[in-house]
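Structural features, examined
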Amino acid sequence: MPHAPLDCDLLVVGSGAAGLAAAVSAAHLGKRVILVEKDAVLGGATAWSGGWLWAPRNPLARRAGIVEDIEQPRTYLRNELGEHYRPELVDAFLQNCPDMVAFFEQHTALQFVDGNGIPDMHGDTPGAATGGHQVIAAPYDGREVLDLLPRLRKTLRETSFMGMPIMAGADLAAFLNMTRSPRALLHVIRRFTTHLYHLARYGRAMHLVNGVALIARLARSAQDLGVQMLESTPAQRLIIEDGNICGAVVLHAGEETTIRAKAVVLAAGGFPNDPERRKAMFPRDASGHDNLALPPDSCSGDGLRLGESAGGYVANDLRSPVAWAPVSKVPYADGSIGHFPHIIDRGKPGIIGVLQNGKRFVNEAGGYYDYVDAMLKAVPEDQQACSWLICDHRSQRRYGLGFARPAPVPLWPHIRNGYLKRGHSLEALAQACGIDPFGLVATVDEFNQHARRGKDPLFGRGSTAFNRRSGDAQHNGPNPCVAPIEHGPFYAVKVQPGCFGTFAGLRTDGHARVLDAHDEPIPGLYAAGTDMASPLGGHYPSGGINLGPALTFGYIAGRRAAAL
């Protein structure tokens, strides 16, 4: 890239789903687009995500015969968000997300697979759907982006197996059932054999799924449309002339370069790794490092600081400033520490979550955000905010526990490095974890009495469609989420508050325009993704509510900016 000033119609800051969606949407309309990324690779936090989008009334659902009026998801959000319901943002999202999915399907390399069987998280809320609200990027052959592959972020190592990403749905089900189904075992053998070939031939996974597939498809589309994508190029400051945003000064190859543009979209990934803003906004994060962030280190608040420098402001009236996720620390032989998100294990039968006092505190089969929210409310302020997921040997070998995979993957490496605690009795396990042994034994005894009949009178585990989806449909019992914990040895993993990203971004209107202190749009400045204040008010009503709005408002911002 030359260090002489560059000109374009739209400058996008950030290469996650929101930034790439904005870039592709504007480039499709014939605009010259430059995208800058602070990190050395493209993809942001999206590449490390599960890749699901919450997109009610999407074309894939309609093609499957799931047709609903906009009032159904609107009713669900109105009841979920309560006082944080902002009609302008909710309506902009609900009206545009079907068009967004259709646009990418029809005009780009981004294709989707439906998640029509996935219910909304809170099935007892009026308007909740039993399916038809989710889509995920279709798997992608890495050879389709061979020219871009070195520039794309790889899958998060904690959610892959020897670098092999596993897609939610039938692919994951096969891995969980490989010891019980010859058909599933054959699928796993084929996948793993192909992966070994790809490692030998290309040095990385080539069957791209989840967030990596989403980024690869968007990056392919951007490249084909002529978007100039520049990695290792952080935006330093915005260019402001007579109150208008006219581009930015970026740092590339150690030198400052001016990029002039008619508009700028901020999509730099929020502030999950900004210790100062975390200390100011996160609950119980006095050091700025107390919670375990899943996004890359580069998601450190750059977009928010740029927006504030132009007169924008960060919303502080949301239900939560952060998209919570339960996370455990994974120690590696080289001394590094990874972060594992507990998304699918909590709802499996024979696994419960307890506090230091040994007591349960939540319906473990509910949403991951809800798990952390309940944990923070239940743990006294003078104690470390944490819990333990507990199971017996049978459940661990069947479903795994966190980063400790199910059979036939061995357990001893995780026991030796301390990630997985083990006890031949519940009392011994409690002592290994620092849990009250009397409290744990009493909790498990009471849980088992009801679990043998498929019941959970304390928290109603298995009472909603989302709960049951989180369980095991093949479980030999009346409740797919409940089984007694009685076959030692017993295992535990320590779980701490973590996050997928942040909700407290720049306040915008329904056109993704950044607003000033008087709630007036700042000319030429847009925000999307987690640089934009959560359009759902800091609530987490369903899986995919980070990426669904991110792509939708990126799409809105790109098209709106292209009209300037």
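Whatever comes next refers back to the structure up there.
Residues numbered from 1 in each chain as written. Predicted model: local features only at pLDDT ≥ 70, side-chain atom pairs only at ≥ 80, totals over all residues. Heavy atoms only, no water.

In this section: the overall build of the protein chain. Along its length, the protein chain carries 16 helices and 22 strands. At 23 Å, the protein chain has a C-alpha radius of gyration in line with the 24 Å of a compact globule built from 564 residues. Seen through its principal axes, the protein chain has C-alpha atoms that stretch 70 × 55 × 50 Å. When each of the 564 residues of the protein chain is scored for burial, the buried share is 61%. Within the protein chain, counting contacts between residues at least 6 apart in sequence, those at least 24 apart form 74% of the total. Carbon and sulfur atoms make up 52% of the accessible area of the protein chain, which totals about 21300 Å². Distance between charge centres in the protein chain, computed from 55 positive and 55 negative side chains, equals 7 Å. (Helix = DSSP H or I, 4+ residues; strand = E, 2+ residues; numbered from the N terminus. Rg over C-alpha atoms; globule rule 2.2 N^0.38 Å. Buried < 20%, exposed > 50% of the residue type's maximum accessible area, 1.4 Å probe, protein only. Contact = heavy atoms within 4.5 Å. Areas by Shrake-Rupley, 256 points an atom, 1.4 Å probe, with all protein chains shown as cover. Lys, Arg positive; Asp, Glu negative; His and termini not counted. Charge placed at Lys NZ, Arg CZ, Asp CG, Glu CD.)

Let us now look at the nonpolar core. Counting residues in hydrophobic clusters, the biggest one holds 140 residues, and the most contacted among them are Leu 11, Leu 77, Phe 104, Leu 214, Leu 525 and Leu 551. Beyond its immediate stretch of four places on either side in the chain, Leu 11 contacts Ile 34, Val 36, Gly 247, Ala 248, Ile 259, Ala 261, Ala 263, Val 264 and Val 265. Formed by 21 residues, the second largest nonpolar core is a distinct cluster that contains Leu 426, Leu 429, Leu 440 and Val 441. (Core = buried A, V, L, I, M, F, W, Y, C linked by side-chain atoms within 4.5 Å.)

Before going further, it helps to spend a moment on the environment of Thr 193. By secondary structure assignment, the location of Thr 193 is in helix α6 (residues 182-202). Given a relative accessible area of 47%, Thr 193 falls into the partly exposed group. A polar contact is formed between the side chain of Thr 193 and the backbone oxygen of Ile 189, at a distance of 2.7 Å. (Polar contact = N/O pair within 3.5 Å; in protein donor to acceptor, adjacent residues only side chain to side chain.)

With that settled, consider α6. End to end, α6 covers 30 Å across 21 residues, agreeing with the expected 30 Å (1.5 Å per residue, within 8%). Along its buried surface, α6 packs onto β7 (160-161), β8 (164-165), α5 (170-176) and β9 (207-208). The first or second residue beyond α6 is Gly 203, which carries a positive phi of 80 degrees. (Expected span 1.5 Å × (residues − 1).)

Moving on, we come to the packing of aromatic side chains. A full pass over the atoms with the stated rule returns 15 aromatic pairs. An angle of 45 degrees between the planes, with centres 5.9 Å apart, marks the rings of Phe 161 and Phe 192 as tilted. Placement of the pair is Phe 161 in strand β7 and Phe 192 in helix α6, with a sequence separation of 31 residues. Classification of Phe 161 by relative accessible area gives partly exposed; the value is 26%. (Phe/Tyr/Trp six-rings, centres within 6.5 Å; stacked < 30°, edge-to-face > 60°.)

Here we come to the side chain of Gln 396. Structurally, Gln 396 can be placed in helix α11 (residues 393-399). By relative accessible area, Gln 396 is classed as buried at 0%. Engagement of the side chain of Gln 396 in a polar contact is seen with the backbone oxygen of Ala 404, the distance being 3.0 Å. Not counting residues up to four positions away in its chain, the partners in contact with Gln 396 are Cys 391, Leu 401, Ala 404, Arg 405, Pro 406, Leu 411 and Tyr 491.

Our focus in this paragraph is the pairing of strand β18 (residues 387-392). Across the 6 residues that make up β18, a large majority, 6, are buried. Burial of the side chains of β18 extends over both faces: Ser 387, Leu 389 and Cys 391 are buried on one face and Trp 388, Ile 390 and Asp 392 on the other. Of the strand pairs in this sheet, strand β17 (residues 351-354) and β18 are connected by 4 bridges, and their pairing is antiparallel. What sits directly across from Gly 353, in β18, is Leu 389. (Pairing = 2+ DSSP bridges.)

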